[in-house]
Amino acid sequence: MSQYKLVALDMDGTLLNEEKQVSPANREAIYAALEAGVTVIFSTGRGVQSALPYAEELKLQTPIVSVNGSEIWKAPHDLLKRTLLDLDLVRRMYDLAIEHDTWYWAYSVEGMYNRDNWAEDITKPEWLKFGFYTENKESLEIIRGELARWGELEITNSHPDNLELNPKGISKASGIEEVCKLLGIEMSQVIAMGDSENDIAMIRAAGLGVAMGNAQDGVKRIADLVTVTNDEDGVAKIIQEYVLDPLSTR
């Protein structure tokens, strides 16, 4: 019997292969884990709108942690908790993006905005997360330093060339903690898998924190173990070894 009761999966670069698909091996492993009584959830930087098609494809009725923890869903379409970004911070981040001429995007409750499709009235949407993207490393570092000085945001990334900003204290880890409360389990009973900076908090907090073979170096350094890549069915491998056949890993 596995000690783990919950498997929390990042989507891009983790569960999904480079074609943005769930491989047959990962799909079968998820079904086997569910069959064994283990809860499998998405814990993603994506907005719920772009996570839902995958939940529907897999016929999952389990919780979802979306937008890096700013929304927690009991099940698809059933909201448990939402934490909004302060409007003044969104204004300031928008100004910073314009000043440095970066690509920018933001998730709101209603959907996603970006540089090509920005809100006509910034006060109307309920904001959840803001992001910057630039291949200019110097600009990215300057922006990161400025944001850090404000001391009001969680600063992570989902790719080496971007920054993702959530309200202070909000992360995939805080989202999974809410899911654990819901399920009546402990963080020590969680396996968390990811590849980017926005996965570090949950990988650290989980009983077993797993970095993908394709993960950023900083993620690999803090993980309990590193598995194979997202194109090599890393999710299936970990579920097989630590959920379905845990005695073989002792």
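Figured I'd write up the structure that's included with this text.

Considerations on the nonpolar core
Note that soluble globular proteins tend to have their nonpolar side chains buried in a common cluster. Core analysis: the largest hydrophobic core is formed by 34 residues, its most contacted members being Phe42 and Ile191. Where this core is concerned, the elements lending two or more residues are strand 1 (6-9), helix 1 (24-35), strand 2 (39-43), helix 2 (48-57), strand 11 (190-194), strand 12 (208-211) and helix 8 (234-244). Examining the composition of this core, we find that six residues originate from one element, helix 8, more than from any other. Those residues in contact with Phe42 that lie beyond four places of it in its chain are Leu9, Met11, Leu15, Ala51, Tyr54, Ala55, Leu58, Leu60, Pro63, Ile64 and Val65. Grouped together as the second largest cluster of nonpolar side chains are 23 residues, Ala97, Phe130, Leu153 and Leu165 included.

Brief notes about the sheet that holds strand 10 (residues 162-167)
Strand order in this open sheet of five strands is 7-6-8-10-9, and the pairing throughout is antiparallel. Edge strands, defined here as strands with exactly one partner in the open sheet, are strand 7 (112-114) and strand 9 (153-156). The mean inter-strand angle of the sheet, taken between neighbouring strand axes irrespective of direction, is 20°. Here strand 8 (residues 127-133) pairs with strand 10 via four bridges, running antiparallel. Within strand 10, the residue paired with Phe130 across the bridge is Leu165. Its contacts with the sheet put helix 4 (residues 137-150) on strand 8, strand 9 and strand 10, and the angle it makes with strand 10 is roughly 15°.

Description of the sheet that holds strand 12
A sheet is described by the order of its strands in space; here eight strands give the open sequence 5-4-3-2-1-11-12-13, paired in mixed fashion. Single-partner strands in this sheet number two, and they are strand 5 (78-82) and strand 13 (225-226). Examined bridge by bridge, strand 3 (residues 64-66) and strand 4 (residues 71-75) share three bridges and lie antiparallel to one another. Opposite Ser66, over in strand 4, you have Glu71 as the bridge partner. Against the sheet, helix 8 contacts strand 1, strand 11, strand 12 and strand 13, and its axis sits at roughly 160° relative to strand 11.

Basis of the calculations
- Residues numbered from 1 in each chain as written.
- Predicted model: local features only at pLDDT ≥ 70, side-chain atom pairs only at ≥ 80, totals over all residues.
- Heavy atoms only, no water.
- Core = buried A, V, L, I, M, F, W, Y, C linked by side-chain atoms within 4.5 Å.
- Buried < 20%, exposed > 50% of the residue type's maximum accessible area, 1.4 Å probe, protein only.
- Helix = DSSP H or I, 4+ residues; strand = E, 2+ residues; numbered from the N terminus.
- Contact = heavy atoms within 4.5 Å.
- Pairing = 2+ DSSP bridges.
- Axes fitted to C-alpha atoms, helices over the stretch in contact; angles between N-to-C directions.

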